[in-house]
Structures are given as C-alpha cells and as structure tokens.
Amino acid sequence: IANLRLEPTGDGAVVVKWTANEPAFAEVEYGETRTYGKTTPRTRYLVTSYGQVIADLDPKRPYHFRVRVTDASGNIALSDDIARDSS
C-alpha cells in the first residue's frame, strides 16, 4: 500500500486515496482512535488504486484511517495509520 493520503472535501468528509502493487479488494478502517471501530464496505472488484469517500465526520474531532487490502490469494496487508487533526 503506497501513496496513502487524505483529501478533505470541505463538507465534513474526506477521501482516503492509495495505490497498491497488486490488485486487491480494499476497505478503510477509521475512527477517533487507532482502534478505529468503523469499516467501509469492501470494494466489489480487485483494484490497484482507489479513493474511498468517508462522510459525516465531526470536523471538531480527530480521526485515524488505515487501509486494509486482501489480494486474490487471501493475503492481507494493512497500511500505516494516517490521521486527520481536528479543526
């Protein structure tokens, strides 16, 4: 997992973007701490790059995000944590 970044949308949402070195199913774990607690739906198709919109975030709270990918053989990889500070 590479090029992990957050792009704010200005309406309380962010887009989590990344690339991968091989096709994989992907999902984003997120929450106010590094224990995350929430997960986006997994992609329906194998992808090598993706942007996941996560809406309804409280702009006054910090959030942590991590990408989880699963390749066609079932191997799982996790990205590093990336954080969004509160505004």
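Residues numbered from 1 in each chain as written. Predicted model: local features only at pLDDT ≥ 70, side-chain atom pairs only at ≥ 80, totals over all residues. Heavy atoms only, no water.

### Details of unusual backbone geometry
To keep it simple, the criterion reads: Here a strand is any run of E in DSSP of at least two residues, a helix any run of H or I of at least four, and the numbering for each starts at the N terminus. Exposed residues in this analysis have more than 50% of their type's maximum accessible area, buried residues have under 20%, and partly exposed residues fall in between, with area computed by a 1.4 Å probe over protein chains only.
The backbone of Asn3 sits at a positive phi, close to 55 degrees, despite the residue not being glycine. By secondary structure assignment, the location of Asn3 is in strand β1 (residues 2–8). The exposed category is assigned to Asn3, whose relative accessible area is 51%. You will see that Tyr36, though not glycine, has its phi angle at about 60 degrees, which is positive.

### Looking at the nonpolar core
We count it as follows: As used here, the term nonpolar core means buried Ala, Val, Leu, Ile, Met, Phe, Trp, Tyr and Cys residues forming a set that is joined through side-chain atoms within 4.5 Å. By definition, residues are in contact when any of their heavy atoms lie within 4.5 Å.
Residues Val16, Trp18, Val28, Ile54, Leu57 and Phe65 are the most contacted members of the largest nonpolar core, which totals 15 residues. Contributions of two or more residues to this core are made by β2 (14–31), β4 (47–54) and β5 (63–71). Those residues in contact with Val16 that sit more than four places away from it in its chain are Leu4, Arg5, Leu6, Val28, Tyr50, Gly51, Gln52, Ile54, Phe65 and Val67.

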